[in-house]
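# Structural overview for review
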Amino acid sequence: MFKNKLIIASLILLTAFALVLTGCGPADEPAEVEEPVEVDEPVDVEEPAEADAVEGSISAITGIDPGAGIMTATENAIEAYGLQVGLIEASDAAMTAELDAAIQNEEWIIVTGWSPHWKFAAHDLKYLEDPEEVYGGEESITTIARLGLEEDHPAVFELLENFHWTDDEIGAVMDMNAQDSDFEANADLWIEENRDLVDGWIPEGLEGNGEKIEILLVEWECALASSNVVAAILREAGFEVSLTSVDAGVMWSSIAEGDADFMTTAWLPGTHASYIEQYGDDIVEVRTNYEGARIGLVVPSYVPFDSIEDINNYVD
């Protein structure tokens, strides 16, 4: 029944904003920096500091695909703060390559970012403060189930009530997925490596005996991580699990209509506010499984400024 509705619903794509990070590094200018050094003090110890200041200047923020929610927010931030920088459109792959290269060379870089994301497990990063709250406040990621799931599969529902993790834990799975797209195998491996944590989620009596469970997700990195980990736990317990990728609107409507069992990635109260308003009476908010979801501008921790307001002081 869900598959038929999915074909129809796919014609009515309700697009959720894409929280994908991109970034660019400053141009290398060591020669230009060293040329204008003081003539009578060619070996002055302050020269490296001057070079670092110029090398670390900012000329642009790199974003993702045009039209993505975080791109619109960044355009608003540039206007709200009067930033004298450009906004570059790029892919997630291009961003991560630029971010990695900048950090390896200890160069300054500003990227549009969000949590959870594997980059925070791989690198020491920080969000720039946003006193104008252009990017909004922190959100939580919540597990949403269909009405009746608790009665039909009480142990599955209890697993969902127990399931919650930290930034480091979800970040580790996301990092694995970034290196290898075999999400199911990565989930199995992560469970092996974190057996004590996972065993604490698993209730007594979680036995599937071939019963079917339908999980929906949008193909966000956090959703791929959490959905596959929960699916792996259920498969291990003997359930026949189906993971189906859909857009956010179909995900919410299908669970509200009882055509699927649950999802693990509802961003509340902001990102999915319209869906909770529309379907709130027909779903169950099981549990917040991740605290501190957010979007904003991200820099490596060694970048010496802490606020979006400071960016113009370091413009190239």
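Whatever comes next refers back to the structure up there.
Attention in this report is confined to the structure presented alongside it. Positions within a chain are numbered from 1, following the residues in the order the chain's sequence is written. With the structure being a predicted model, the display of local features is reserved for residues of pLDDT at least 70 and the display and counting of side-chain atom pairs for 80 or more, all residues being used for whole-chain, interface and lining totals. Values reported for side chains reflect all heavy atoms of the structure, with hydrogen atoms and water molecules removed beforehand.

Our focus in this paragraph is the overall build of the chain. Helix numbering and strand numbering both begin at the N terminus, where a helix is a DSSP run of H or I of at least 4 residues and a strand a DSSP run of E of at least 2. The number of helices and strands found in the chain is 14 helices and 10 strands. Burial statistics for the chain: of 316 residues in total, 50% are counted as buried. Contacts spanning at least 24 positions in sequence make up 83% of the contacts within the chain whose residues lie at least 6 apart. Only the protein chains shown count as covering a residue, and every accessible area follows the Shrake-Rupley method with a 1.4 Å probe. About 14,700 Å² of surface is accessible on the chain, with carbon and sulfur atoms providing 46% of the total. Buried residues are those whose accessible area, probed at 1.4 Å on protein chains only, stays under 20% of the maximum for their type, while exposed residues exceed 50% and partly exposed ones sit between those limits. Every residue pair with non-hydrogen atoms within 4.5 Å of one another is taken to be in contact.

What follows is about unusual backbone geometry. With an omega dihedral of 5°, the bond running from Ser-115 to Pro-116 counts as a cis peptide bond. Looking along the chain, the bond that leaves Leu-268 and enters Pro-269 is cis, with omega of 10°. Its place among the elements puts Pro-269 in the loop between strand 9 (262-268) and helix 14 (273-279). The backbone of Glu-133 sits at a positive phi, close to 55°, despite the residue not being glycine.

Glancing now at the side chain of Thr-142. Residue position: Thr-142 is located in strand 6 (residues 139-146). When sequence neighbours within four positions are dropped, the list of residues in contact with Thr-142 reads Met-263, Thr-264, Thr-265, Ala-266, Leu-268, Glu-285, Arg-287, Thr-288 and Asn-289.

We now examine helix 10 (residues 183-193). Those residues of helix 10 that fall on the buried side of the exposure criterion are Asn-186, Ala-187, Trp-190 and Ile-191. One face of helix 10 carries all of its buried residues, which in axial projection span an arc of 135°. Relative to its buried face, helix 10 has exposed residues pointing more than 90 degrees away, namely Glu-192 and Glu-193. Tucked into the core, helix 10 has its buried residues touching helix 9 (167-179), helix 11 (195-201) and helix 12 (221-236). Comment: arc refers to directions from the helix axis out to C-beta atoms.

Just distances and angles here, no functional claims.
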